[in-house]
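# Structure at a glance
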Amino acid sequence: MCALRPPPPEPTDHAFSPAEGGLICPPCASGAELLPLALPTLKVWRFLLGETWPTVRRLRLDAHTHRQLTTCLHLYTTYLLERELRSAQFLREILTHSR
Ligand SMILES: [Zn+2]
């Protein structure tokens, strides 16, 4: 699943690299400042890629997985647009104040 080399034999934690446009395995990620993604988060990631919206919307995520995926999406959109999204900040404020 690494964007830079063939996948390791066993599923493992990875990291997300906006610059590489995908997941980076631990050997490739060493020394770089990347967003760590735990194996359960990667499993949800794969699930999201292969399912339809009616199935995805029923998914219930634990707080850690939700936070990792949200951070990943935020980093990637910020990287692609080369600036912070005001709408992303707005959504974070709503979510923070609705808890
Ligand atoms: Zn790699």
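Before going into details, it helps to say that this report is about the structure given with it.

Definitions and cut-offs
- Residues numbered from 1 in each chain as written.
- Predicted model: local features only at pLDDT ≥ 70, side-chain atom pairs only at ≥ 80, totals over all residues.
- Helix = DSSP H or I, 4+ residues; strand = E, 2+ residues; numbered from the N terminus.
- Buried ≥ 20, exposed ≤ 12 C-beta atoms within 10 Å, placed from the backbone.
- Contact = placed C-beta atoms within 7 Å.
- Core = buried A, V, L, I, M, F, W, Y, C linked by C-beta atoms within 7 Å.
- Expected span 1.5 Å × (residues − 1).
- Pairing = 2+ DSSP bridges.
- Axes fitted to C-alpha atoms, helices over the stretch in contact; angles between N-to-C directions.
- Left-handed = near helix turned anticlockwise from the far one by under 90°.
- Nonpolar A, V, L, I, M, F, W, Y, C, P; charged D, E, K, R; others polar.

## Section: the overall build of the protein chain
A tally of helices and strands in the protein chain yields 5 helices and 3 strands. Of the regular secondary structure in the protein chain, the N- to C-terminal order runs β-β-α-β-α-α-α-α. Taken along the three principal axes of its C-alpha coordinates, the protein chain extends 40 × 30 × 20 Å. Put simply, the protein chain has 99 residues, and 11% of those count as buried. For the protein chain, the proportion of contacts with a sequence separation of at least 24, taken over those separated by at least 6, is 35%.

## Observations regarding the nonpolar core
In this structure, Ala15, Phe16, Leu23, Ile24, Ala29 and Leu37 together form the largest nonpolar core, which totals 6 residues. Those elements that place two or more of their residues in this core are strand S1 (14–17) and strand S2 (22–24).

## Some words on helix H5 (residues 86–97)
Since the α-helix packs 3.6 residues into each turn, any two residues three or four apart lie on the same face. Across its 12 residues, H5 extends 17 Å between first and last C-alpha, which sits within 8% of the 16 Å expected from 1.5 Å per residue. Within H5, only 0 of the 12 residues are buried, which leaves it mostly out in the open.

## Some remarks on the sheet that holds strand S3 (residues 35–37)
A sheet is described by the order of its strands in space; here 3 strands give the open sequence S2-S1-S3, paired in antiparallel fashion. Since the sheet does not close on itself, it has two edges, and those belong to S2 and S3, each with one partner. The mean inter-strand angle of the sheet, taken between neighbouring strand axes irrespective of direction, is 40°. In the packing of helix H4 (residues 63–81) onto the sheet, the strands contacted are S1 and S3, and the crossing angle to S3 comes to about 140°.

## Details of the packing of helix H2 (residues 39–50) against H4
It is the contact of H2 with H4, at a shortest axis distance of 9 Å, that shows an interaxial angle of 65°. H2 and H4 meet at a crossing whose hand is right-handed. Touching Pro40, Thr41 and Val44 of H2 are Thr65, Gln68 and Leu69, all from H4. Split by residue class, the contact of H2 with H4 holds 3 nonpolar, 3 polar and no charged.

## A look at the pairing of S1
Alternating residues of S1 divide into His14 and Phe16 and Ala15 and Ser17, and every residue in both groups is buried. Direction of pairing for S1 relative to S2: antiparallel, over a ladder of 3 bridges. Each residue of the ladder has a partner; that of Ala15, found in S2, is Ile24.

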